[in-house]
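Survey of secondary and tertiary structure
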Amino acid sequence: MKSVVAEHEEQHLSYGKYIAGFAMSVLLTLMAYLLVSRHAGGTNTIVALVSGLAIMQFLVQMVFFLHIGEERKPRWKLGALLFAVVIVLIIVFGSVWIMNSLNYRMTQSPGHVEQYLRTQNGGI
């Protein structure tokens with residue numbers, strides 16, 4: 001049976017962990033915003049830096065809010081986490097692939113696109 005003091009200290013430590021995680025999340029978000037809004041570097045540099053900040057944000061969220069690494073049965077949570085990561089990667093890379101494909105198809109033959117749009121709009 002825990003004493004009231006031990007419960008209070010444990011609760012205080014968890015609040016401190018949440019506050020630190022929140023502060024780090026806000027800081028990482030502001031850094032990404034400032035990089036993009038001030039055009040700090042070339043496009044490839046900004047993409048690389050924002051991607052790195054996104055990975056750091058992911059790790060902060062996992063450690064400070066989802067408490068990955070502190071559970072009794074880490075295999076279950078790790079399996080669920082890996083499944084979620086795979087699903088997110090499929091969605092992200094699938095979306096990028098579709099957008100690139102659409103961009104390629106729309107810019108290869110602008111005349112065909114205009115003709116198609118005219119036929120779809122009833123000759124307008």
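First, a word on scope: everything that follows refers to the structure included in this document. (Residues numbered from 1 in each chain as written. Predicted model: local features only at pLDDT ≥ 70, side-chain atom pairs only at ≥ 80, totals over all residues. Heavy atoms only, no water.)

**Focus: the overall build of the chain**
A tally of regular secondary structure across the chain gives four helices and zero strands. Its helices and strands taken in sequence order, the chain reads α-α-α-α from the N to the C terminus. Expressed as a percentage of its 124 residues, the buried residues of the chain come to 11%. Within the chain, contacts between residues separated by at least 24 positions form 55% of all contacts whose residues are at least 6 apart in sequence. As displayed, the chain offers around 10500 Å² of accessible surface, 71% of which is attributable to carbon and sulfur atoms. (Helix = DSSP H or I, 4+ residues; strand = E, 2+ residues; numbered from the N terminus. Buried < 20%, exposed > 50% of the residue type's maximum accessible area, 1.4 Å probe, protein only. Contact = heavy atoms within 4.5 Å. Areas by Shrake-Rupley, 256 points an atom, 1.4 Å probe, with all protein chains shown as cover.)

**Focus: unusual backbone geometry**
With phi around 50 degrees, H39 is a residue other than glycine that occupies positive phi space. By secondary structure assignment, the location of H39 is in the loop between α1 (4–37) and α2 (43–65).

**Focus on the environment of L59**
Within the secondary structure, L59 sits in helix α2. Residue class for L59 comes out partly exposed when judged on its relative accessible area of 49%. When the C-alpha atoms of L59 and S25 are compared, they prove to be 10.0 Å apart, with 34 residues separating the residues in sequence.

**Digging into a nonpolar patch on the surface**
Together, V88, L89, V92, F93, V96 and M99 make up an exposed nonpolar region whose accessible area comes to about 550 Å². Following the sequence through the fold, V88 ends up in helix α3 (residues 74–108). (Patch = residues over 30% accessible without salt bridge, like charges linked within 9 Å, V, L, I, M, F, W, Y side chains within 5 Å. Salt bridge = Lys/Arg side-chain N within 4 Å of Asp/Glu carboxyl O.)

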